[in-house]
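Geometric and topological summary
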2 protein chains.
Amino acid sequence: MTELEATVRRLRDASGTVAQLPTTIKNDVLHDLADRLEREIATIVKANEVDLVTARDGGLGEAKLKRLALTEQSVRQMADGLRQVAALPDPVGEVTRDDRVPSGLRVRQVRCPLGVILMIYEARPNVTVDAFALCFKAGNVCFLKGGHEAARSNAALAELIRASLVAQHVPPDALALLTTSDRETMKRLLSMEGSIDLVIPRGGIDLIRFVSEHSRIPVVKHDRGVCHIFVDASAAMDQAIEICATAKTSAPATCNAAESVLVHDAIASSFVPRLVKRLRDDGVEVRGDAGVCRLSNLVVPAGEDDWGKEYLDLVLSLRIVADVDAAIAHIRRYGSNHTEAILTSDEATAERFTKSVQASCTIVNASTRFNDGYQLGLGAEIGISTSKIHAYGPMGLTALTTQRYVVHGTGQTR
Amino acid sequence: MTELEATVRRLRDASGTVAQLPTTIKNDVLHDLADRLEREIATIVKANEVDLVTARDGGLGEAKLKRLALTEQSVRQMADGLRQVAALPDPVGEVTRDDRVPSGLRVRQVRCPLGVILMIYEARPNVTVDAFALCFKAGNVCFLKGGHEAARSNAALAELIRASLVAQHVPPDALALLTTSDRETMKRLLSMEGSIDLVIPRGGIDLIRFVSEHSRIPVVKHDRGVCHIFVDASAAMDQAIEICATAKTSAPATCNAAESVLVHDAIASSFVPRLVKRLRDDGVEVRGDAGVCRLSNLVVPAGEDDWGKEYLDLVLSLRIVADVDAAIAHIRRYGSNHTEAILTSDEATAERFTKSVQASCTIVNASTRFNDGYQLGLGAEIGISTSKIHAYGPMGLTALTTQRYVVHGTGQTR
């Protein structure tokens, strides 16, 4: 047995125990870990500094360095996050159906953990703690593979997680870190469909493609977000300017940031120049179609590859469309099943839009940035699924479980 | 564009229309089809006879010939099945959550179709009609690939389905049949993850393995059922004999038939001889472990490969186990995540069993054969999923949909 297979075997063995842990023990682990993180801030930040130096020397860009960095404040945020997950209701054991069928059988559906979850993500060490907390609270064990640039940070965090597990007499094999990135190891891992129950790839298009291509394990993708905002002729102007601008600028590197604004032709001549000015003032580069370019000289002409592009940066594409149907057609072609917004004061138009676009979340008269587990009331999320299967949109605790049937009879045969 | 790609493109294009069909139109199609099947019984049975002759000449076994055969009665059953699906509530548009979050947003989750579903199944022409009906009622279009032995029967049925679609002004491309079985075509199809939303393979282990290995499309497996019954020391004897015998004999080729019985050591000397006698009387070959062989001379000694085997025939394996924990350990090793039953009058033992075995359905004091969509109150099913992701157990109409978020705001930004 290789080391990889031995690790997966240990996770599998631990999963039976973790699935049956009482809620109090799971919460004790999360609280213990929160306290431990706060006690060990210095250790964590020191490990992270080594990662940062190496990554900076290796030429990692500023945006990615920012996501890699841990500070006293971000460690305290992780600790708070753990306490929030501890406060959420435990989904395991929840009875979602309980009735009697004509044969006299009592039929229940009961939430249970998925088992072993493999998650592959970027060099963001806070995700290591978040992902562990959500998987564990939902009764799962997890195998985490974060970006290699965060190796030392993740190792330091995993050591603390294991210490918290041991302190509450839970098998430390409820968590393992995969420290190699080589493709052959990944392929072997992705073929272990009998031992791993779910793989969640989160990140770049190449990673998602590699996982879909090689995985025999079920995959729930957290793919890119090409989010559009359609500004209808009936939209409230000032509000629309505010929503479009902040949906781009408040967190440009997140998957729910707006990447493209479509403007109804009837209001383009007044709306486009105002929006472009606001965006330019906020430091955003605007790439516009021919009509937009005619209305403003502050824009860069958009190329065909600007449509459907996830900039993850202070860049936005802007297009004039004939009407809501043209907006829907554009989104059908270029959207990514993530988040699509319409700004309108006409209810029928809003309904036509929300019924016709394909997205895990369609939003009327608010920013695309609300497609988020916290904002939509899930308490926490492990990411935003763009797969329609199993979970679509923000994935919270219940999406990390499944439902099984438990049936009681009195001797029924058929 | 190849013919295969053109077909998938037509399905994709039709899926937008089918997703938005009103319930009445969908039900009209199903009723029209039910009437049409009954009018065309002669045509269907004639097409099926050609399939049967070819299959018999090709050496297809009796059990499989029986599943391939269509009679006046089975066509009438299909028609009744269609009327039952028409009578079920439409899952599309169902609002499963509707509340307001602190930002003031109104957050709803709404059921919507998955889109394009590829289903691969055995040479059972009745499945063609059932699968179409369920996919269509849930707002999906489907690409069906039945066993090649049923080619003419399926073509005849598909022609009637298309006629019913056209009669209600629904795009006939709501259904396509894949008529080739070659592996290269299947591989190309399974790589179309942008165009097909779900693949459901149902059937032999080789098919399931081929699909898991090559599919980039999400897969919900309908894998084999290695179903056990554990007879506890406290079980009601007569009832246990009845349940064990009928769970094998009432439909031995179905996935929810019992394949293996585990008997508590404390009652083995009285129970085993009685059960073996009953099974032998019912024409069942019993393969027993050493302890069983000592108690009865009517059994064949079981080999290691009898444990975990899906016979799909009048054969059953029988083993004596020390207690419920030994039964759980046996099932952990040999079960297939399908159906596991315990017969006991002790509630604590029942709970220990139902909490510890992994199965889409655990059953206390009733036959394994109740793990079935109709029996569990789903109205109908497209099969029984052994995947924990998306749907676990019988897959009814709602499992052929997903839930998306629809959010209404009043200008919120973040």
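So, here's what we can say about the structure. These numbers come from a predicted model, not from an experiment. (Residues numbered from 1 in each chain as written. Chains lettered and ligands numbered in written order. Predicted model: local features only at pLDDT ≥ 70, side-chain atom pairs only at ≥ 80, totals over all residues. Heavy atoms only, no water.)

Quick look at the overall build of chain A
Broken down by element type, chain A carries 14 helices and 16 strands. Taking the principal axes of its C-alpha atoms as reference, chain A extends roughly 70 × 65 × 40 Å. When the 414 residues of chain A are sorted by exposure, 57% land in the buried category. Contacts spanning at least 24 positions in sequence make up 72% of the contacts within chain A whose residues lie at least 6 apart. Of the roughly 16000 Å² of accessible surface on chain A, a fraction of 48% belongs to carbon and sulfur atoms. Averaging the locations of the 48 positively and 52 negatively charged side chains of chain A gives two centres separated by 4 Å. (Helix = DSSP H or I, 4+ residues; strand = E, 2+ residues; numbered from the N terminus. Buried < 20%, exposed > 50% of the residue type's maximum accessible area, 1.4 Å probe, protein only. Contact = heavy atoms within 4.5 Å. Areas by Shrake-Rupley, 256 points an atom, 1.4 Å probe, with all protein chains shown as cover. Lys, Arg positive; Asp, Glu negative; His and termini not counted. Charge placed at Lys NZ, Arg CZ, Asp CG, Glu CD.)

Some words on the environment of A:T354
Inspection of the secondary structure puts A:T354 in helix 14 (residues 347-356). Residues A:T354 and A:V364, spaced ten residues apart in sequence, show a C-alpha to C-alpha distance of 8.0 Å. When sequence neighbours within four positions are dropped, the list of residues in contact with A:T354 reads A:T362, A:V364, B:R404 and B:V406.

A look at the packing of aromatic side chains
Residues and elements named next belong to chain B. For the structure on display, the rule yields four aromatic pairs over all chains. Residues F132 and F136 carry aromatic rings whose centres are separated by 5.2 Å and whose planes lie at 20° to one another, so their mutual orientation is stacked. One end of the pair is F132 and the other is F136, both in helix 6 (residues 125-137) and four residues apart, which spans about a single turn. Owing to a relative accessible area of 0%, F132 belongs among the buried residues under this scheme. (Phe/Tyr/Trp six-rings, centres within 6.5 Å; stacked < 30°, edge-to-face > 60°.)

Looking at helix 7 (residues 151-167) of chain A
The α-helix winds at 3.6 residues per turn, so residues separated by three or four positions along the chain end up facing the same way. All names here are of chain A. The terminal C-alpha atoms of helix 7 lie 24 Å apart, and with 17 residues this matches the ideal 24 Å at 1.5 Å per residue to within 8%. All of the buried residues in helix 7 are S153, N154, A156, L157, A158, L160, I161, S164 and L165. Residues of helix 7 that are buried in the fold lie against helix 2 (23-39), helix 3 (41-57), helix 5 (72-87), helix 6 (125-137) and strand 5 (175-177). H169, located one to two residues past helix 7, shows a positive phi value of around 60°. (Expected span 1.5 Å × (residues − 1).)

Overview of the interface of chain B and chain A
Counting residues at the interface gives 62 residues for chain B, matched by 61 residues for chain A. Interface area, chain B with chain A, both sides summed: about 5400 Å², of which 52% is carbon and sulfur. Contact with chain A buries surface across chain B, with B:I389, B:Y405 and B:R414 losing the most and accounting together for 16% of the total. Taken together, the connections running from chain B to chain A amount to four salt bridges. Of the charged contacts in the structure, one is a salt bridge between B:R216 and A:E213, with a shortest N-O distance of 3.7 Å. Taken together, the connections running from chain B to chain A amount to 35 residue pairs in polar contact (both at pLDDT 80 or more). Sort the elements by how many residues they give to the side of chain B that touches chain A and strand 16 (residues 401-412) of chain B lands first, with eleven residues. For the side of chain B that touches chain A, the class distribution of residues is 21 nonpolar, 27 polar and 14 charged. Across five bridges, the pairing between strand 16 (residues 401-412) of chain A and strand 13 (residues 359-366) of chain B is parallel. Paired with A:Y405 across the two strands is B:C361, which belongs to strand 13 of chain B. (Buried area = accessible area lost by both parts, 1.4 Å probe. Salt bridge = Lys/Arg side-chain N within 4 Å of Asp/Glu carboxyl O. Polar contact = N/O pair within 3.5 Å; in protein donor to acceptor, adjacent residues only side chain to side chain. Nonpolar A, V, L, I, M, F, W, Y, C, P; charged D, E, K, R; others polar. Pairing = 2+ DSSP bridges.)

Quick look at the relation of the copies chain B and chain A
In screw terms, the move from chain B to chain A is a rotation of 180° and a rise of 0.0 Å along the axis, fitting with an RMSD of 0.0 Å. Here the two chains are linked by the operation of a two-fold rotation axis. Across chain B, the rotation axis passes nearest the C-alpha of B:H390, at a separation of 1.8 Å. (Least-squares fit on C-alpha atoms with pLDDT ≥ 70 in both.)

Structural notes on the pairing of strand 3 (residues 116-120) of chain B
Residues and elements named next belong to chain B. Within strand 3, five of the five residues are buried, which leaves the element mostly enclosed by the surrounding structure. Where burial is concerned, the two faces of strand 3 agree: the one with V116, L118 and I120 and the one with I117 and M119 are both buried. One ladder, built from five bridges, connects strand 3 with strand 4 (residues 141-145); its direction is parallel. Bridge assignment links M119 to a residue of strand 4, and that residue is L144. With four bridges joining them, strand 3 and strand 6 (residues 198-201) adopt parallel strand pairing. What sits directly across from I120, in strand 6, is P201.

Structural notes on the sheet that holds strand 4 of chain B
All names here are of chain B. Spatial strand order, 5-4-3-6: four strands in an open sheet with parallel pairing. Where the open sheet ends on each side, the last strands, each with one partner, are strand 5 (175-177) and strand 6. Across the sheet, the axes of successive neighbouring strands diverge by a mean angle of 15°, strand direction being ignored. Packed onto the sheet, helix 1 (residues 3-19) meets strand 3, strand 4 and strand 5 and runs at close to 145° relative to strand 4. Its contacts with the sheet put helix 8 (residues 183-190) on strand 3, strand 4 and strand 6, and the angle it makes with strand 3 is roughly 150°. (Axes fitted to C-alpha atoms, helices over the stretch in contact; angles between N-to-C directions.)

Here's the deal with the nonpolar core
Soluble globular proteins: nonpolar side chains tend toward being buried together. With 74 residues, the main nonpolar core has B:L37, B:F132 and B:F136 as its most contacted residues. By residue number, the principal contributor to this core is helix 6 of chain B, which donates eight residues. Setting aside its immediate chain neighbours within four residues, B:L37 contacts B:I44, B:V75, B:M78, B:A79, B:L82, B:V129, B:L157 and B:L160. In this structure, A:V29, A:L114, A:L134 and A:V211 belong to the second largest nonpolar core, which totals 73 residues. (Core = buried A, V, L, I, M, F, W, Y, C linked by side-chain atoms within 4.5 Å.)

Quick look at the sheet that holds strand 5 of chain A
All names here are of chain A. In spatial order, the strands read 5-4-3-6; together these four strands make up an open sheet with parallel pairing. Across the chains shown, the open sheet's two edge strands, defined by having one partner strand only, are strand 5 and strand 6 (198-201). Between one strand and the next, the sheet's axes are offset by a mean angle of 15°, whatever the strand orientation. Inspection of the sheet shows strand 4 (residues 141-145) paired to strand 5 by three bridges, in the parallel sense. The residue of strand 5 that forms the bridge with C142 is L175. Those strands touched by helix 6 are strand 3 (116-120), strand 4 and strand 5, and its axis lies near 160° from that of strand 4.

Some points on unusual backbone geometry
Residues and elements named next belong to chain A. Phi at N337 is positive, roughly 70°, even though this residue is not glycine. Note on placement: N337 falls in strand 12 (residues 337-343). Among the residues examined, N337 registers a relative accessible area of 18% and is labelled buried. Here the phi dihedral of N365 falls at roughly 55°; this positive angle occurs in a residue that is not glycine. Tracing the chain through its elements places N365 in strand 13 (residues 359-366).

Description of helix 8 of chain B
Residue and element names in this part refer to chain B. Turning to helix 8, its buried residues are T185, M186, L189 and L190. For helix 8, the angular spread of the buried residues around the axis is 130°, confining them to a single face. Structural note: helix 8 exposes R183 and E184 on the side pointing more than 90 degrees away from its buried face. The inward-facing, buried residues of helix 8 contact helix 1, strand 3, strand 4, strand 6 and helix 9 (205-214). (Arc of directions from axis to C-beta.)

Topic: the state of the cysteines
Two cysteines joined by a covalent bond between their sulfur atoms form a disulfide. Residues and elements named next belong to chain A. Enumeration according to the criterion identifies zero disulfides over all chains in this entry. Sulfur of C227: no disulfide; nearest cysteine sulfur belongs to C255 and is 6.9 Å away. Accessibility expressed as a relative area gives 0% for C227, which makes it buried. (Disulfide = S-S within 2.5 Å.)

Read these as layout, nothing more, since geometry by itself doesn't imply function.
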